[in-house]
Every structure is written in structure tokens, then in C-alpha cells.
Amino acid sequence: MSKAESKIEIEAISAVTFVTRKMQESVKFYSALGFSLAQGGEEATFSTFRVGAQYLNLSIEPGGRTKSEGQDSWGRIIFYVGDVDDIYARAVRADLEPSFSPRNAIWRERYFHILDPDGNEVSFARRISTTTGK
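Bear in mind the structure is a predicted one, so any value in this text is a computation, not a measurement.

**Q** Could you give an account of helix H1 (residues 23–32), naming the residues involved and the relevant values?
**A** Taken together, the buried positions of H1 are Met-23, Ser-26, Val-27, Phe-29 and Tyr-30. Within H1, the buried residues cover an arc of 160 degrees as seen down the axis, which keeps them to one side. Of the surrounding elements, those touching the buried residues of H1 are strand S1 (15–19), strand S3 (46–51), strand S4 (54–59), strand S7 (109–115) and strand S8 (121–127). Gly-34 sits one or two residues past H1 and shows a positive phi near 100 degrees.

Below is the structure:
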């Protein structure tokens, strides 16, 4: 970095965008988990859900490959929530299939993973107290 360049501080993630070929299924999936739809919807080509002060976007991209269509694994998105077990129960009630039931990790988080309709891995987590375990 030259003296003329100043260090840029990255402040926050504004949004994450997933490519989808199944907008109707994806909107139903995220709505069933409690996400709040801000714009778009089941018939739209672009939908936005509020995630705190940030956003989760779903976009239909002509020619775009989704994870379920052979795209290489990229990782997962992790959402911190107030109650991991409540989100898990919502998923089960909506006949969604989490990868496993909520568990406590050695890094002091309670979490579970679930795949969205396009194969994107979504995780819900919450820091856990060392005294209560939740």
C-alpha cells in the first residue's frame, strides 16, 4: 500500500444474493423459516428478505448455475438468530429437512444447517452461555 492510499475499512455485509431457478419454492422456504419479505415474491425474478439491517436476495439469472446444478461448493451463510430451536421447529413444521437437529458446538454456538431449494447451505446459530448451554 502506498502512502497515498488510505486503508479502507469494510463496515458490514449489505446483502448476500443467491441465484435461484425456483423463485416460488425459495420464497416459500425462506418465508417458512421466518424471513420477512421486503420486495418481490413468488412470481418475481428478484426478491429481497430483510435480515436485521442487511438483506438476503434471490435472483433468477439467465444462464446462471445454481449449487444444485453442479456449481462447486462455496461454503455457507450463517444467520445469528434469537432462538435456534425455534427456527428448527419452524423448518420441521413446514416439512423442510434440516441436515441435523440443533447441537452445541465446542466454539460455543448452538446451530443447525439446512439446504435451500437450490442447494445453498444455510446455517442458523446463536452464541451459547457456558452456564446454561443455550
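**Q** Mind laying out the sheet that holds S4, listing which residues take part and the relevant values?
**A** Sheet architecture is open: four strands sit in the order S1-S4-S3-S2, paired in mixed fashion. Each of the sheet's edge strands pairs with one partner strand only, and the pair in question is S1 and strand S2 (36–39). Neighbour to neighbour, the strand axes of the sheet diverge by 30 degrees on average, direction disregarded. Relative to S4, S3 runs antiparallel, the two sharing six bridges. Along S4, the bridge assignment pairs Thr-48 with Asn-57.

**Q** I'd like a rundown of the sheet that holds strand S5 (residues 76–80), residues and numbers included.
**A** Strand pairing in a sheet takes place through backbone hydrogen bonds and is either antiparallel or parallel in direction. Taken together, the four strands give an open sheet; going across it, the order is S5-S8-S7-S6, and neighbouring strands pair in mixed fashion. The two strands at the open ends of the sheet, each matched to only one other strand, are S5 and strand S6 (103–104). Relative to S8, S7 runs antiparallel, the two being bridged by seven bridges. Counterpart to Phe-112 in the pairing with S8 is Phe-124.

Definitions and limits used
- Residue positions are given per chain, counting from 1 as you read along its sequence in written order.
- Given that the model is predicted, a residue must reach a pLDDT of at least 70 before its local features are reported, and side-chain atom pairs must reach 80 or more before they are shown or counted; all residues, however, enter totals for whole chains, interfaces and linings.
- Water and hydrogen atoms play no part in the side-chain values, which are based on all heavy atoms of the structure.
- Residue exposure (1.4 Å probe, protein chains only): buried if accessible area is under 20% of the type maximum, exposed if over 50%, otherwise partly exposed.
- Starting at the N terminus, helices and strands are each numbered in turn, a helix being any DSSP run of H or I of at least four residues and a strand any DSSP run of E of at least two.
- It is the directions from the helix axis to the C-beta atoms that the arc portrays.
- Contacts are assigned to residue pairs with any non-hydrogen atoms lying within 4.5 Å of each other.
- A pair of strands is treated as paired once DSSP finds two or more bridges between them.
- Axis definition: a line fitted to C-alpha atoms, over the contacting stretch in the case of helices. Angles run 0 to 180 degrees between N-to-C directions.

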